[in-house]
Amino acid sequence: MSTFQLPTRFGRFGGCYAPETLMANLVELEAAFVHAGQDESYAAEFARLLGEFAGRPTPLFEARRLSEHLGVEVWLKREDLLHTGAHKLNNAIGQALLARRMGKTRILAETGAGQHGVATATVCALLGLECVVYMGALDVERQRPNVERMRLLGARVVAVQSGQRTLKDAVNEAMRAWVGDPEAHYLLGSALGPHPFPTVVGSCHEVIGAEARAQWRARVGGSPDAVVACVGGGSNAIGLFRKFIPDAEVELVGVEAGGLGDGPGQHAARWVGGREGILHGCRTLVLADSDGQVEGTHSISAGLDYPAVGPEHAHLADTGRARYERASDDEALEGFRLLARLEGILPALESSHALGWVVRERECLAGQRVLIGLSGRGDKDLASVLPRLAAEEESA
Amino acid sequence: MSQRLQASIRAGQRHAPSGQLLPALAPYVTAGDGGLDRTLAVLHALESAGAACVELGLPFSDPIADGPHLQAAAERALEAGTTPAGVLELVRRFRSAGGALPILLFSYTNPLFVGLGGFSAAAAALAAAGGDGFIVPDLPPEEAGELRDACAEHGLGTVFFATPTSSDARIRAAAEASTGFLYAIGRVGITGARTTFDPEVLTWLDRVRDLAGETPLAVGFGVADGAAVAALGGHCDLAISGTALVRALHDAGGTPEDAARVATAFTTALGAGAP
Ligand SMILES: Cc1ncc(COP(=O)(O)O)c(C=O)c1O
């Protein structure tokens, strides 16, 4: 059956394990995506909004004091400076324009840290679309400011009470809502889910790596030795990585949430405790027990607190093109603290995992030129960070 | 194809006093909700009460096509320690106790893919335990090649879905891929919400039936009582009822015998037509 026009898999990962009710929507989305790709007016409108509205291109910033401190030459791709404070807006704009092409007037979205929810609510306000955001009740508590922002932007926020009440459960509930409301568009926020989402979301974020690679050539020269990004579902990382994949001399490193330790339920590190499975529509690495039941996860950052990973990352790891490491809650906090004190930037706790890994590995990376994807800013995380850092300072 | 299943669906259709041919009955139960002994008693009761087959739900942590009641049932079953292997063992126990009711294992992909070692291994294991087929809500025909081959090899039935959003071509292909029956979802949405089968739905079902050709047609989602079954008379071969039974079993609580009584009463009422 040739239902789709594009490849649905990355190696053996990906695919389209979706309920029948959603198949027509997925086919429609793929068709709109293919068609938009051939339509200059879509590209022009996407580019216009990324520029005038979102503030692209984002800078490539040489973190000189941090570099000196670590003995590693660190450059930051500043997605934290994008409107709404994270890379998520690239995808929200791209998909909302597709939704508009498909004649949809209502958008459903899930959110973990709230950044994707805010980005989606923002674009819906901009384009005059109705917006409903599903968010785990636990995340509603730990990301309060973003909940308020979504409401101010006119979105309805639904607190999801099922399961662990975090990102996974928000995705479950958003998918259920879409099954019941196929007239809406589900604006999935990371490079995961059934085909064509991993392809569509990755392509909306490719601009990150395209800019960074050109900026690096112009500003620094040559290629970075390593490109490092945090990996929740994997959207900022795939956006940064894709254009560097052909540059064989560039090492690609994804950093996932090591949480509190390696025990089940203590982390969200799919390459530590995960196995090949199928979750939320795609075949990928999943934190599940031997019965296939999905396990609980923990991360200090709501945006990395998810038990599966985008299928393209599973494939990049499988082929050896990228490697995936982890940073613990404490290491992420250390990355946060250093960037704040040395560079005057409060990074998102998600992005702090990429920083924290570089900080930990500074001896192995000594003298190298490292590009870090700074996927978002940390204002939303103050409620989680302040008590932890205050406690540390007291005990120090 | 599962011969026993096909025969049972044919034999289970009854004429109402009005002369209308009512669909055969396929109750759904979540395996292990209240413990596997209770589920075993329920299976026997469903058979005695005249069900044509049972949809035996293998509990999963992330059931994206299920409403709150079936989600809660799966959570309870998992808390009670229900595993994929345990559910197959339940099927084996039912067969060795003489149970002849055809059993379709309703499972999301991951418990099959991970828990039972992949689609081929899962089919071999279900056949060995005495099951009759699979219903996998997140496995569209596009991804089902391996499961279909394995089911054909082991004489198990496959079930694919038709929904109001499916094109005619998809419905035809789904029917062709279904060696058990074609599962029509009479309205858009997840399990559990109630519906009345309005004329529009019945017209749609008649079209699906034409597209399905020889493949038996089942209707599920929202079939809660005898009135709903009666309304489907003449429009399909099999009526699937899940949420209402799962709720009734849970609300009643009690021993396996109590559960069996609830299942019997429920199935009898379903089959009795409009009250
Ligand atoms: C700032 C930021 N970075 C990273 C992520 C993780 O998502 P992804 O792996 O899709 O980039 C999130 C998710 O909420 C986020 O808000």
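Residues numbered from 1 in each chain as written. Chains lettered and ligands numbered in written order. Predicted model: local features only at pLDDT ≥ 70, side-chain atom pairs only at ≥ 80, totals over all residues. Heavy atoms only, no water.

Novice: Honestly, the packing of aromatic side chains in this entry has me stumped. Any pointers?
Specialist: Any aromatic ring pair is given by two values, namely how distant the centres are and how the planes are angled relative to each other. On inspection of all chains with the given rule, the structure shows 11 aromatic pairs over all chains. Judged by centre distance (6.0 Å) and plane angle (65°), the ring pair of Tyr 186 of chain A and Phe 197 of chain A falls under edge-to-face. In this pair, Tyr 186 of chain A is assigned in strand 8 (residues 185-186) and Phe 197 of chain A in helix 9 (residues 197-219), connecting sequence segments 11 residues apart. The class of Tyr 186 of chain A is buried, set by a relative accessible area of 0%. Accessibility expressed as a relative area gives 0% for Phe 197 of chain A, which makes it buried. Members of the aromatic cluster, connected to one another through ring pairs, are Tyr 28, Phe 60, Phe 106 and Tyr 108 of chain B. Over the ring of Phe 61 of chain A we find Arg 78 of chain A, and its NZ or CZ is 5.7 Å from the ring centre. (Phe/Tyr/Trp six-rings, centres within 6.5 Å; stacked < 30°, edge-to-face > 60°. Helix = DSSP H or I, 4+ residues; strand = E, 2+ residues; numbered from the N terminus. Buried < 20%, exposed > 50% of the residue type's maximum accessible area, 1.4 Å probe, protein only. Lys NZ or Arg CZ within 6 Å of the ring centre and 35° of its normal.)

Novice: Would you explain the interface of chain B and chain A in this entry?
Specialist: Many analyses report the size of an interface as the accessible area lost when the parts associate. Counting from both sides, the interface comprises 36 residues of chain B and, opposite them, 37 residues of chain A. The contact between chain B and chain A buries some 3000 Å² in all, and 58% of this surface belongs to carbon and sulfur atoms. Of the charged contacts in the structure, one is a salt bridge between Lys 168 of chain A and Asp 62 of chain B, with a shortest N-O distance of 2.8 Å. At the junction of chain B and chain A, the tally comes to 17 residue pairs in polar contact (both at pLDDT 80 or more). Contributing elements (two or more residues each) for the side of chain B that touches chain A: helix 3 (68-79), helix 5 (109-115) and helix 8 (168-177) of chain B. The leading source of residues in the side of chain B that touches chain A is helix 5 of chain B, at 6 residues. (Contact = heavy atoms within 4.5 Å. Buried area = accessible area lost by both parts, 1.4 Å probe. Salt bridge = Lys/Arg side-chain N within 4 Å of Asp/Glu carboxyl O. Polar contact = N/O pair within 3.5 Å; in protein donor to acceptor, adjacent residues only side chain to side chain.)

Novice: Can you walk me through the sheet that holds strand 7 (residues 156-160) of chain A in this structure?
Specialist: Picture the strands of a sheet paired through backbone hydrogen bonds; they go either parallel or antiparallel. Residues and elements named next belong to chain A. Read from one edge to the other, the open sheet built from 4 strands follows the order 7-6-5-8, with strand pairing classed as parallel. Edge positions in the sheet fall to strand 7 and strand 8, since each of these pairs with one other strand and no more. Summarising the sheet, strand 5 (residues 106-111) and strand 8 pair through 2 bridges and their orientation is parallel. Each bridged residue has a counterpart across the sheet, and for Leu 108 the counterpart in strand 8 is Tyr 186. (Pairing = 2+ DSSP bridges.)

Novice: Sorry if this is basic, but what is going on with the site of the ligand here?
Specialist: All names here are of chain A. Neighbouring the ligand are 19 residues, the closest being Ser 190, Gly 232, Gly 234, Ser 235 and Ser 375. Between the ligand and the protein, one listed contact pairs an oxygen atom with a side-chain N or O atom of His 87 at 3.1 Å. Lys 88 is positioned with one of its side-chain polar atoms (N or O) 3.1 Å from an oxygen atom of the ligand. Calculation on the ligand without its partners gives an accessible area of 390 Å², and the protein chains cover 97% of this total. Split by residue class, the shell around the ligand holds 6 nonpolar, 11 polar and 2 charged. (Near = heavy atom within 4 Å. Areas by Shrake-Rupley, 256 points an atom, 1.4 Å probe, with all protein chains shown as cover. Nonpolar A, V, L, I, M, F, W, Y, C, P; charged D, E, K, R; others polar.)

Novice: Explanation requested: helix 7 (residues 145-154) of chain B in the structure shown.
Specialist: Quick reminder: α-helices carry 3.6 residues per turn. Residues three or four places apart thus point the same way. Residue and element names in this part refer to chain B. Restricting attention to buried positions, one finds in helix 7 the residues Leu 147, Ala 150 and Cys 151. In a view along the axis of helix 7, the buried residues occupy a sector of 100°, so they form one face of it. Those residues of helix 7 that are exposed and aimed more than 90 degrees away from the buried face are Asp 149, Ala 152 and Glu 153. Considering only its buried residues, helix 7 is in contact with helix 6 (119-129), strand 6 (133-135) and strand 7 (157-162). Once helix 7 finishes, Gly 155 follows within two positions and takes phi at roughly 70°, a positive value. (Arc of directions from axis to C-beta.)

Novice: I keep staring at the confidence of the model for chain A and nothing clicks. Help me out?
Specialist: Low pLDDT means the predicted coordinates in that region are not meant to be read closely. With 100% of its residues at a pLDDT of 70 or more, chain A shows a mean pLDDT of 96. The least confident element of chain A, judged by mean pLDDT, is helix 15 (residues 382-395) of chain A at 84; the most confident is strand 9 (residues 226-230) of chain A at 99. (pLDDT = per-residue confidence, 0-100.)

Novice: How do you make sense of the sheet that holds strand 3 (residues 60-62) of chain A when you look at a structure like this?
Specialist: Residues and elements named next belong to chain A. Strands sit in the order 3-4-14-9-10-13 across an open sheet of 6 strands; the sheet is mixed. Looking along the sheet, the strands with just one partner apiece sit at the ends: strand 3 and strand 13 (322-328). Neighbouring strand axes in the sheet, compared pairwise and without regard to direction, differ in orientation by 30° on average. One ladder, built from 7 bridges, connects strand 10 (residues 251-259) with strand 13; its direction is parallel. By the bridge assignment for strand 13, Glu 256 is matched with Arg 326. Lying over the sheet, helix 13 (residues 329-343) contacts strand 3, strand 4 (73-78), strand 10, strand 13 and strand 14 (369-374), oriented at roughly 85° with respect to strand 13. (Axes fitted to C-alpha atoms, helices over the stretch in contact; angles between N-to-C directions.)

Novice: Just checking my understanding: could you explain helix 7 (residues 144-152) of chain A for this structure?
Specialist: Residues and elements named next belong to chain A. Here helix 7 has its buried residues at Asn 146, Val 147 and Met 150. What you see down the axis of helix 7 is that its buried residues fit within an arc of 105°, all on one side. As for helix 7, its buried residues are in contact with strand 5, helix 5 (115-127), strand 6 (130-136), helix 6 (137-142) and strand 7. Immediately beyond the C-terminal end of helix 7, within one or two residues, lies Gly 154, with a positive phi of roughly 95°.

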